[in-house]
Amino acid sequence: MKPRIIRDGVYALGAIDWDRRLFDSLIPLPDGTSYNAYLIHGSEKTALLDTVDPSKMDVLMSQLEDVPEVDYVVSHHAEQDHSGTIPAILEKYGRAKVVSTARARGMLVDLLAIPEERIIPIEDRETLSLGDKTLEFINTPWVHWPETMVSYLREDRILFSCDFFGSHLATTELYASESRILEPAKRYYAEIMMPFRKVIQKNLEKIAAYELDIIAPSHGPLYDRPAFIIDAYRDWVSSPPRNIAVVAYVSMHGSTARMVNHLVGALTERGVAVEQFELATADIGKLAVALVDAATIVLGTPTVLGGPHPNVVYAAYLANALKPKVRFVSVIGSYGWGGKTIEQLTGTMAGLEAEVLDPVLCKGLPRQSDFEAIDNLAASIASKHRAQGIP
Ligand code: FEO
């Protein structure tokens, strides 16, 4: 794809990765992704903002074929899907300097062996003149690494946000269709940004001071109505959780599945919405999205070798790492002869600082008394949600 013009002298470059299905050997990419770079031609200097994943280096290099000089390479974030082609750019443009935060400078040296003397460290709110265009750099740490920053092109009121506000969506649309982008953007937030909710809140306040016409992230399409994605982030970050229980489970011989079915029915009868996931087959990205708004997580598991099923351990670990807004957790399941299932799962989710509601563990098949205990758990979840004013 050729460079596409955004404003006079401002171009979208980069590569669409239609076929990538996994990021960081961890995150499913059902819709592929893109690595966006941007080129700004000022009256005196030219800046390239970010690069592309090394697997797409040829695409970026061909887009730069007719660009005789690049003076600055702005590196918002040292992760290799944006920085990995910087060494090739520095080789092509022998006088170019990298501009990054001081913290990113060390990371670029460590990760990519970029010579330190070719990196100019900048301070928060420092500016860089390209002649008739001015970039202002704004430190926005932890979106989603400690060194991250965004840059603001004053004359055109464009915020180049790198991962912040990004989405893993392969599309030829330059600007986001709001109805289409919401789910991929929320998925991206859930998987990448949610663990840093509190600092993101501060970063949102920081950029609120800027008048924005466009937000140009480094994954997925741009936003020509920045309020759309900023308001969505405010909701995901700051709104209280909703009256939703995520029920995620594995069943080996059907006992846990029966308990889950009963719980889902009991919660539904009591007005609690449920999102159910069978963890042997679930898309963990969809599970992460569900955790953005859920007030409660219930994990269902059989007992395997004295503890929870490994897929359920993984879900508990993931939930704990993603730090969603959940306020209540519980465990249901079945065992054959004993084990430490409940202690292991609640211990794995201790970082959530959520209240642990009475678990229900039965021996073999669930019996009437077990179903009654599940009814009590559902009633407890519903009443706790009501008591906390969870909408
Ligand atoms: Fe898109 Fe954190 O890299």
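Before reading further, recall that the structure is shown in the block above.
If you're wondering where the values come from, they're calculated on a predicted model, not measured in any experiment.

Draft legend 1. The overall build of the protein, seen in detail. Each helix and strand in the protein was counted, giving twelve helices and 21 strands. Its C-alpha atoms give the protein principal-axis dimensions of about 80 × 40 × 35 Å. Within the protein, buried positions represent 57% of all 391 residues. Contacts in the protein between residues far apart in sequence, at least 24 positions, make up 72% of those at least 6 positions apart. Summed over its atoms, the accessible surface of the protein is roughly 16100 Å², and 50% of this surface lies on carbon and sulfur atoms.

Draft legend 2. Fine view of the sheet that holds strand β6 (residues 46-49). Read across the open sheet, the seven strands follow the order β1-β2-β5-β6-β7-β8-β9; overall the sheet is mixed. Taken across any chain shown, the strands that pair with only one partner, and hence form the sheet edges, are β1 (4-7) and β9 (119-122). Here the strands of the sheet are splayed against their neighbours by 25° on average, with no regard to which way each runs. Examined bridge by bridge, β1 and strand β2 (residues 10-17) share three bridges and lie antiparallel to one another. By the bridge assignment for β2, Ile-5 is matched with Tyr-11. The sheet strands contacting helix α4 (residues 102-112) are β8 (97-101) and β9, and the helix crosses β8 at an angle near 125°.

Draft legend 3. Structural detail: helix α5 (residues 178-193). With 16 residues, α5 extends only 20 Å from end C-alpha to end C-alpha; this falls clearly short of the ideal 22 Å at 1.5 Å per step. The set of residues buried in α5 consists of Ile-181, Pro-184, Ala-185, Lys-186, Arg-187, Tyr-188, Tyr-189, Ala-190, Glu-191, Ile-192 and Met-193. The inward-facing, buried residues of α5 contact β4 (27-28), α6 (197-207), α7 (226-238), α9 (284-293) and α10 (310-322).

Reading guide: rules and limits
- Residues numbered from 1 in each chain as written.
- Predicted model: local features only at pLDDT ≥ 70, side-chain atom pairs only at ≥ 80, totals over all residues.
- Heavy atoms only, no water.
- Helix = DSSP H or I, 4+ residues; strand = E, 2+ residues; numbered from the N terminus.
- Buried < 20%, exposed > 50% of the residue type's maximum accessible area, 1.4 Å probe, protein only.
- Contact = heavy atoms within 4.5 Å.
- Areas by Shrake-Rupley, 256 points an atom, 1.4 Å probe, with all protein chains shown as cover.
- Pairing = 2+ DSSP bridges.
- Axes fitted to C-alpha atoms, helices over the stretch in contact; angles between N-to-C directions.
- Expected span 1.5 Å × (residues − 1).

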